[in-house]
Structures are given as C-alpha cells and as structure tokens.
Amino acid sequence: MKAVQIKEYGGIDVLELSSDIQKPVSAKGYVLVEVYAASINPVDWKIRAGFFKEMAPIQFPATMGGDFAGVVAEVGGEVTEFKTDDEVYGSALVLNGGSGSFAELLSARVENTAFKPKSVHFIEAAALPLVGSSAIQALEEHITLQSRQKILIHGGAGGIGHVAIQLAKILGAYVTTTVSTNDMDFVKQLGADEVIDYKNQQFETVLKDFDAVFDTVGGEITNKSLDVLKRGGILVSMAGEPDKDEAEKRGITAISQFTQTNTNHLNRLTKLVDSGKVNVSVDKVFPLEEAKQAFSYQEEIHPKGKVVFKII
Ligand SMILES: NC(=O)c1ccc[n+]([C@@H]2O[C@H](COP(=O)([O-])OP(=O)(O)OC[C@H]3O[C@@H](n4cnc5c(N)ncnc54)[C@H](OP(=O)(O)O)[C@@H]3O)[C@@H](O)[C@H]2O)c1
C-alpha cells in the first residue's frame, strides 16, 4: 500500500511517499480502516521534526499522520463497537498506538475511533478529530464555559481556534479572539463578537475581566493572558506552560491541556456537527503525492482551518 513515511527526524525533505508498505494488522482492540481522507495537525510536523524524541521516541520507518476518516475493512479480536463497512473517524497517531493515517490503510485503537458524522463528507470528517476534541475538552470539561461568560480565544483562525469559537457561541459565551489582519472577516463569520488583530494591537492592554482564556498559540501569549483574567478565572493552554505560581497568586486556575482524541469526545463532536452547529473549514486538499507541499502549506502559510489529504 501507499503511505507517507519518515526514516529519520528532520525537515520537510525527510517525508517520503512509498508504495510498497506492508498493510497494518487489525490486532486485538484495533480496527483496520480503509482511509478516505486524513488531515494534518501541527503535532505531525512536530513529530517529524523530533520535538518529542526524548519523551516519546518513535520507531523508523514511521507512517505520519493521526486524524482520519474512512471505512472499517476489518476488526480485531474483542472489538464489538464496530463492524466491517462502518464509516468512522478518529486518530491513528503513532503516539496514540495507531499505525499513522497518511496511508491507504491504517490501524487505530477502538478507544480513538467513533462513527463519523453523517452530514459531512470524509474530507470534512478527517479535518475534525484532534481540533474538535481539543475544543470540547477545553471549553466543556476544563473551563465548563457558561452562558454570558467572557472568553478570549487566541489563534481563532487556526484548526482548534475556529472550532472553539463556534462551540463557545453555542454555549452562549461572549467571544473575543486574536487573529492576524487577513483572518478578521473569517472569524467574524464564525460568530466572534470581538476581534483583535494581533499584528497591530496588544490584547493585554485592551482586554480585562475575562472569565476564561483558551490559548492555542503559546509562547509569551500564555502568561500575558493572566493579565486579562479576573480572580476566579481560568487559563487553558494548548501550546504553552503557564506560570502556575503567578496564576495562584492572582486567584486564577492555569493548566496546559493534553488532548484525548477519545470516543467520548468524538461522539460529542459528531453530535455537534450533525446538528449543524459546528462547521469545519477545510482550506486546502492535497493528494498524498503532494505531501511535502501540504506540510509546507500547514507550517508556513498557515491555513484558515485545516489542510486535508484526499486518499480515495
Ligand atoms: N497539547 C495538546 O494535546 C495539543 C493538541 C492539539 C494541538 N496542540 C497544539 O496547539 C497549537 C494550535 O493547534 P492548531 O491545530 O489550532 O494550529 P494551527 O491550525 O496552526 O493554528 C494556530 C493559529 O494561531 C495563529 N497565531 C499565530 N501567532 C499568533 C498570535 N501571536 N496571536 C494570535 N494568533 C496567532 C496562526 O495564524 P497566523 O500565524 O497565520 O496569524 C494560526 O491561525 C499547536 O501548537 C499544536 O501543536 C496541542
């Protein structure tokens, strides 16, 4: 079968499309999936670049990719949740015990798989698992965002941010978001109440008394965000390590989130998408043959929403 693999850590040049890869097996607790589409997340290039090589080394050659949508081809032992021909989506990231999704076939753990939303095509479904699970876990579980609360979402035009804006509006919150100048209209259309152009304005000098900050950017943004929160507020960061001592002094809860792309989050996402309340933005679709161009688009151009591989 065809798959995009790496044989060493490195830049875009280490990505290789090979057509003679052995198909993965459907072991106990796993499903084998014929992949229709798969999407790129920043974690994919971070794995490729070796960011996690000390904490979670991978075995080479490794098939890249986590998020997928496709059709169950086989089920492994003790799998009762799915059967052949079910339309599913989820994560097959190697760090999640999967075989990698940028391939014609993958194996994924049952607990990282769910029935795909029926109302969208495989392309859109493949764009959703990690970004949707991240938004749900942060807003509904850590922040428990309530109607009329004020939330600041950093990076509102990105994969996670654009889903988080929609979810925060469904939950009845007042949503402020930070984006670059040419993404301002995009996030207004998603429902953002107030948009800060981070290229021209410093959010920490104009915002105050927020109940929550959802930070999908990291760097200095993470701790600057403490300045806009009120006592009793909460900061959840996807990409930064908040200063917990400083947060505690100010009566703020600050956490860094590790997203679980699990069946519970995926099932909740399926409901939100099938009820028409959450739409995913697919900025660009590539074939596997253009893996290098697709990674470069994700890493350097920064999509509005997601970059997806169409595999079937
Ligand atoms: N911890 C976990 O379990 C976990 C899970 C998923 C993702 N993540 C991490 O979460 C982060 C976000 O993921 P994603 O999929 O949403 O990435 P993404 O699609 O690349 O989105 C990031 C967005 O942030 C914007 N941005 C950059 N600098 C900014 C600034 N100073 N202020 C406001 N916006 C800014 C970017 O836009 P422009 O640069 O074009 O303006 C882009 O739209 C990544 O670092 C990812 O690795 C962590």
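Attention in this report is confined to the structure presented alongside it. (Residues numbered from 1 in each chain as written. Predicted model: local features only at pLDDT ≥ 70, side-chain atom pairs only at ≥ 80, totals over all residues.)

1. Some words on unusual backbone geometry
In this structure, the amide linkage connecting Phe 60 to the following residue, Pro 61, adopts the cis form with an omega of -5°. Looking at where Pro 61 falls in the secondary structure, it is placed in the loop between α1 (42–49) and β4 (62–63). Even without being a glycine, Glu 78 presents a positive backbone phi close to 65°. Residues other than glycine seldom take positive phi values, yet His 302 does so here, at roughly 65°. As for its placement among the helices and strands, His 302 is situated in the loop between α10 (291–301) and β16 (306–310). (Helix = DSSP H or I, 4+ residues; strand = E, 2+ residues; numbered from the N terminus.)

2. Focus on the nonpolar core
Nonpolar side chains tend toward joint burial in soluble globular proteins. Counting residues in hydrophobic clusters, the biggest one holds 91 residues, and the most contacted among them are Val 33, Ala 37, Ala 126, Leu 139, Ile 151, Ala 164 and Ala 168. At 9 residues, the largest contribution of residues to this core is made by strand β3 (residues 30–40). Each of two domains, domain 1 (3–128 + 280–310) and domain 2 (131–256), supplies a minimum of three residues to this core. Not counting residues up to four positions away in its chain, the partners in contact with Ala 168 are Leu 139, Leu 145, Ile 151, Ile 153, Ala 173 and Val 175. (Core = buried A, V, L, I, M, F, W, Y, C linked by C-beta atoms within 7 Å. Buried ≥ 20, exposed ≤ 12 C-beta atoms within 10 Å, placed from the backbone. Domains from an automatic or database assignment. Contact = placed C-beta atoms within 7 Å.)

3. Focus on the site of the ligand
Around the ligand, 28 residues are found, and the nearest of them are Gly 155, Gly 158, Gly 159, Ser 180 and His 302. Broken down by secondary-structure element, the contributors of at least two residues to the shell around the ligand are α1, α3 (129–142), α4 (159–170) and β10 (174–179). Considered class by class, the residues forming the shell around the ligand number 13 nonpolar, 14 polar and 1 charged. Two domains each provide a minimum of three residues to the shell around the ligand, namely domain 1 (3–128 + 280–310) and domain 2 (131–256). (Near = placed C-beta within 6 Å. Nonpolar A, V, L, I, M, F, W, Y, C, P; charged D, E, K, R; others polar.)

Any functional reading would require information that these geometric values do not contain.
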